[in-house]
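What follows is the residue order along each chain.
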There are 2 protein chains.
Amino acid sequence: MITAAAVAGLPEIGAGDDLGELIAARLPSAPADGDVLVIAHKAISKAEGRVRRLAEVTPSPRAVALAAEQGGKDPRHVQVVLDETRELLRAERGVLVCVTHHGFVCANAGVDASNSPAGEPETLILLPRDPDASARALRARLNELTGVRHGVVVTDSFGRAWRHGQVDVAIGVAGVAPLQDWRGKTDSVGRELRATWIAVADQLAGAADLARGKDSREPAVVVRGLAQHVADDDGPGAQELLRPAAEDLFR
Amino acid sequence: MITAAAVAGLPEIGAGDDLGELIAARLPSAPADGDVLVIAHKAISKAEGRVRRLAEVTPSPRAVALAAEQGGKDPRHVQVVLDETRELLRAERGVLVCVTHHGFVCANAGVDASNSPAGEPETLILLPRDPDASARALRARLNELTGVRHGVVVTDSFGRAWRHGQVDVAIGVAGVAPLQDWRGKTDSVGRELRATWIAVADQLAGAADLARGKDSREPAVVVRGLAQHVADDDGPGAQELLRPAAEDLFR
């Protein structure tokens, strides 16, 4: 059995906050070896100061043109998206589908205005600069404070090709195997499982999202019962989940 | 808090089996209003007889050509995939990305050889003909046998554009809201959440998959703690999760 329980009562996060300490003081139950702390990236981005004030952004001619083309977006917002973008895959129907500098493919390069700090309506939240490094740092701090081994998954909500709606996926991972590879192993009747390569970290992200309300301040969720996926090593991180462009049939 | 617990001890499923009865007799705990039964489609496909014997398939010239082009696949297997396919989106590097007759976009139209009935190595498992109808029927039977209101989600493991690995997604839904729409609502600081349209049923599918082992016979998982997503009505089903081709930027 697995359980997912939100960390209740976290304060609004600001730059420089010690997230590990804030979370460790509010765990929903006594920590256990192999617990996975799943956290929405916005809390981490705020703690790391990965925010930009719209008033301080000067849009380039490209941002101004794109903003007009895509239904009257704020050109400054578009400029911030472009600043976070390595490659623009699509700009259609008001949607900018971007490859971020990390290699994630998502709308608006993960730049979002919602859940910005109170009283700062003109602030955009960016993805962490290196979400795997953020996950490793949070993991080290949590392990230090609780004395037990955790996994950490940093998440964002991504849309998908072909399907409506968004699901949370892993953008940073530490101490959890992002992918479980059953390829070449056999199933319950001895037959080879040929296409079974499970994105465990992404399923963890989605499971955790079910345990919180989007309108409550519950970025952090503890998932228990998956200690078999948690290791001493930090592991390859969410970078392992990225399909290289050369192998991708949909770019 | 949410929990996900596998239904242990199910026998190998065969055509005509009463899945609802088999599951109701083995629930991991006393059923509660709002429990969601998440089940891998293979169990349903087998109960519905949605299997094909390779020996009975005659490949068309198109299947023979495709099989050779794509690295020496079995032309009969390719024929079965084509029979389940409305539109072939990509045939590259040994991968057939198909739009199924239901409208799902996935590899090999969901046709799979793994976990076929013991002693029948040449059998392929298809997706249910109408997975939403399968979900509704299983729901009605479970509710009847347990006396409490369930939701049902039928799943398959799909690969994704841009990311490695597979996650379980919903291909049939009854009694659960597939999408939760927060668009136009406000967040914890009163700001509009503009891009928050959560594919609850897909996250349920992924969460349930974490609770079972791929090499054990545990197609069914009970997820508890999401009664707010379970309704009296069967609802729109997984069809609601399909993005129409005309709105899709990646076909």
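Cut-offs and rules
- Positions within a chain are numbered from 1, following the residues in the order the chain's sequence is written.
- Starting at A for chains and at 1 for ligands, labels are handed out in the order in which the entities are written.
- Totals for whole chains, interfaces and linings use all residues, but because this is a predicted model, local features are given only for residues with pLDDT of at least 70 and pairs of side-chain atoms are given and counted only at 80 or more.
- Excluding hydrogens and water, the side-chain figures rest on all heavy atoms present in the structure.
- A run of H or I in DSSP counts as a helix once it spans at least four residues, and a run of E counts as a strand once it spans at least two, with each numbered from the N terminus.
- Computation of the radius of gyration draws on C-alpha atoms alone. For the globule rule, the value is 2.2 Å times the number of residues to the power 0.38.
- Exposure categories follow from relative accessible area, calculated using a 1.4 Å probe and restricted to protein chains: below 20% of the type maximum is buried, above 50% is exposed, and the middle band is partly exposed.
- Contact definition: two residues touch when any of their heavy atoms are within 4.5 Å.
- Helix axes are fitted to C-alpha atoms over the stretch in contact, other axes to C-alpha atoms as well, and angles between N-to-C directions run from 0 to 180 degrees.
- Throughout this description, any angle smaller than 35 degrees is read as roughly parallel, any larger than 145 degrees as roughly antiparallel, any in the 65 to 115 degree range as roughly perpendicular, and the remainder as oblique.
- For any pair of crossing helices, the crossing counts as left-handed if the nearer helix is rotated counterclockwise from the farther one by less than a right angle, and right-handed if it is rotated clockwise.
- Polar here means any residue other than Ala, Val, Leu, Ile, Met, Phe, Trp, Tyr, Cys and Pro, which are nonpolar, and Asp, Glu, Lys and Arg, which are charged; Gly is therefore polar.
- Strand pairing is defined by DSSP finding a minimum of two bridges between the two strands.

In this structure, what is going on with the overall build of chain A? I would like to understand it.
Looking only at helices and strands, chain A features 6 helices and 12 strands. Relative to the 2.2 N^0.38 estimate, which gives 18 Å for 251 residues, the radius of gyration of chain A is 19 Å and therefore close to what a compact globule would have. Across its three principal axes, chain A shows a C-alpha extent of roughly 55 × 45 × 25 Å. Put simply, chain A has 251 residues, and 56% of those count as buried. Sequence-distant contacts in chain A: of pairs separated by 6 or more residues, those separated by 24 or more amount to 61%.

Even after reading the chapter, I still don't get the environment of A:Arg136, so can you show me in this structure?
Residues and elements named next belong to chain A. By the element assignment, Arg136 lies in helix α5 (residues 131–146). On the basis of relative accessibility, which here comes to 33%, the residue Arg136 falls in the partly exposed class. Each C-alpha atom of the pair Arg136 and Val173 lies 7.3 Å from the other, and the pair is 37 residues apart in sequence. In this view, Arg136 contacts Asp130, Ala174 and Asp234; residues no more than four positions away in its chain are not counted.

How do you make sense of the packing of helix α6 (residues 200–210) of chain A against helix α6 (residues 200–210) of chain B when you look at a structure like this?
In helix packing, the relevant descriptors are the interaxial angle and the interaxial distance, both defined with respect to the helix axes. At a closest axis distance of 8 Å, the pairing of α6(A) and α6(B) adopts a crossing angle of 120°. By the criterion of interaxial angle, the relationship of α6(A) to α6(B) is oblique. Two packed elements cross with a definite hand, and for α6(A) against α6(B) that hand is left-handed. Residues A:Val200, A:Gln203, A:Leu204, A:Gly206, A:Ala207, A:Asp209 and A:Leu210 of α6(A) pack against B:Val200, B:Gln203, B:Leu204, B:Gly206, B:Ala207, B:Asp209 and B:Leu210 of α6(B). Class assignment of the residues belonging to the contact of α6(A) with α6(B) gives a composition of 8 nonpolar, 4 polar and 2 charged.

What am I meant to see in the sheet that holds strand β5 (residues 95–100) of chain A here?
Across a sheet, strands are paired by hydrogen bonds formed along the backbone, either parallel or antiparallel in direction. All names here are of chain A. Across the sheet, which stays open at both edges, the 3 strands sit in the order β4-β5-β6 with antiparallel pairing between neighbours. One side of each edge strand has no neighbouring strand; the edge strands of this open sheet are β4 (85–92) and β6 (105–107). Between one strand axis and the next, the sheet turns through 25° on average, direction left out of account. Pairing between β4 and β5: 6 bridges, direction antiparallel. From the neighbouring strand, Thr85 faces β5, where its bridge partner is Thr100.

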